[in-house]
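# Observations on the three-dimensional arrangement
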Amino acid sequence: MTEHIIVSRTDAYPGVMTIRFNRPDKKNAITAAMYQAMTAALKEANGDPEVKAVVFLGTDGCFSAGNDMGDFLSYALSGSREPPAAAVFIKALALAEKPLVSGVDGLAIGIGTTLNLHCDLTVASGRSLFRTPFVDLGLVPEAASSLIAPKIMGHQRAFALLAMGDGFTAEAAMQAGLIWKVVGPSEVEMEALALAAEIAKKPPQALRIARDLVRGPRDEVIARMDEELAHFAERLKSDEARAAFEAFMQR
Ligand code: COA
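Rules used throughout
- Residues numbered from 1 in each chain as written.
- Predicted model: local features only at pLDDT ≥ 70, side-chain atom pairs only at ≥ 80, totals over all residues.
- Heavy atoms only, no water.
- Helix = DSSP H or I, 4+ residues; strand = E, 2+ residues; numbered from the N terminus.
- Rg over C-alpha atoms; globule rule 2.2 N^0.38 Å.
- Buried < 20%, exposed > 50% of the residue type's maximum accessible area, 1.4 Å probe, protein only.
- Contact = heavy atoms within 4.5 Å.
- Axes fitted to C-alpha atoms, helices over the stretch in contact; angles between N-to-C directions.
- Parallel < 35°, antiparallel > 145°, perpendicular 65-115°, else oblique.
- Left-handed = near helix turned anticlockwise from the far one by under 90°.
- Nonpolar A, V, L, I, M, F, W, Y, C, P; charged D, E, K, R; others polar.
- Pairing = 2+ DSSP bridges.

Okay, the overall build of the protein chain next. What the protein chain contains, in helices and strands, is eleven helices and ten strands. Taken over the C-alpha trace, the protein chain has a radius of gyration of 17 Å; the compact-globule value for 251 residues is 18 Å, and the two agree within 12%. Projected onto its principal axes, the C-alpha positions of the protein chain cover 50 × 35 × 35 Å. Within the protein chain, the fraction of its 251 residues that count as buried is 51%. Put simply, 73% of the contacts in the protein chain that link residues at least 6 apart link residues at least 24 apart.

Below is the structure:
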């Protein structure tokens with residue numbers, strides 16, 4: 001579908017599907033085609049009993065710079081009322097039936113950060129930075145981050161992350177409970193894949209129930225996504241957002 005997302009499996013890590021951002025020249029910024037490819041991969045994982053865990057990875061020194069700014073601008077100018085591909089993807093993420101692991105090395109911006117709130121285990125290198133500049137772009141938090149982040153980090157840290165746009169180092173993200181472990185840059189992938197392989201060896205039915213219990217009700221998450229998306233779609237077309245996208249595109 002797009003060469004910018006690589007979906008793979010390897011015998012070295014049985015039961016593990018990997019979804020890799022592969023657009024390093026654009027800091028792995030995510031286009032509609034990339035969201036669609038990831039949604040398809042998550043659906044494939046749901047339906048395949050051979051897949052026991054899914055791992056998200058980026059490229060050397062960059063997880064993802066978030067939504068593609070050009071796509072944001074086109075959507076803002078298009079007047080489209082169709083839900084963007086990102087909206088479909090985040091719901092697939094919330095409804096993913098297999099455990100999700102992420103390995104972050106470097107920049108994790110916007111959805112590059114909020115995606116991890118849906119992962120069961122995240123490992124990150126010490127040079128990683130988690131940041132969501134939603135408000136500075138005239139936007140609002142997405143992916144149910146406004147629900148999940150305060151629960152795991154408390155109100156003030158969530159406000160600093162989601163409303164102030166403050167960057168969280170890997171160490172700060174670990175202290176806040178946003179991620180599981182900090183490792184060296186060269187260890188991120190191996191560690192994430194090893195965790196997923198460990199998950200893959202667990203009794204799947206018990207693990208599934210345990211995960212559902214720990215994650216809590218998904219309808220609450222989906223309802224919050226819908227609430228956020230209604231604001232997000234309005235904000236995308238606002239003068240504040242359009243000015244921010246144009247400023248980025250014209251740098
Ligand atoms: N959408 C589209 N392109 C992006 C992008 C994004 N979100 N983030 C980076 N890129 C592109 C840049 O336009 C540049 O492309 P070019 O080489 O054709 O000019 C390339 O990736 C490298 O980015 P650059 O800005 O030169 O690298 P940097 O190391 O100086 O800064 C970032 C990296 C991520 C800090 C900076 O690019 C940035 O702030 N990006 C926007 C992040 C963002 O706000 N995302 C949306 C969150 S909701």
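With that out of the way, let us pick up the side chain of threonine 31. Structurally, the position occupied by threonine 31 is in the loop between strand E2 (16–21) and helix H1 (32–47). Setting aside residues no more than four positions away along its own chain, threonine 31 makes contact with Arg23, Asp68 and Asp71.

Attention now moves to unusual backbone geometry. Trans is the prevailing form of peptide bonds, just as negative phi is the prevailing case for residues other than glycine. The phi dihedral of lysine 27 is positive, around 50°, even though this residue is not glycine. With respect to the helices and strands, lysine 27 occurs in the loop between E2 and H1. Owing to a relative accessible area of 47%, lysine 27 belongs among the partly exposed residues under this scheme. At alanine 144, a residue that is not glycine, the phi angle is positive and equals roughly 60°. Secondary-structure assignment places alanine 144 in the loop between strand E8 (129–131) and helix H5 (145–153).

Our next topic: the packing of H5 against helix H6 (residues 155–162). Interhelical geometry of H5 versus H6 gives an angle of 135° and a closest axis separation of 7 Å. Comparing the axis directions of H5 and H6 gives the class oblique. Both H5 and H6 take part in a crossing whose hand is right-handed. Taking contact as the criterion, the partners of Ser145, Ser146, Ala149, Pro150 and Met153 in H5 are, on H6, His155, Arg157, Ala158, Leu161 and Leu162. Tallied by class, residues from the contact of H5 with H6 come to six nonpolar, three polar and one charged.

The pairing of strands in a sheet comes from backbone hydrogen bonds and takes either a parallel or an antiparallel form. Spatially, the six strands line up as an open sheet ordered E1-E2-E3-E5-E7-E10, and their pairing is mixed. Looking along the sheet, the strands with just one partner apiece sit at the ends: strand E1 (5–9) and strand E10 (181–183). The sheet shows a mean angle of 20° between the axes of neighbouring strands, direction not considered. As paired strands, E2 and strand E3 (residues 53–57) are joined by five bridges and run parallel to one another. Following the sheet pairing, threonine 18 is matched in E3 by valine 55.

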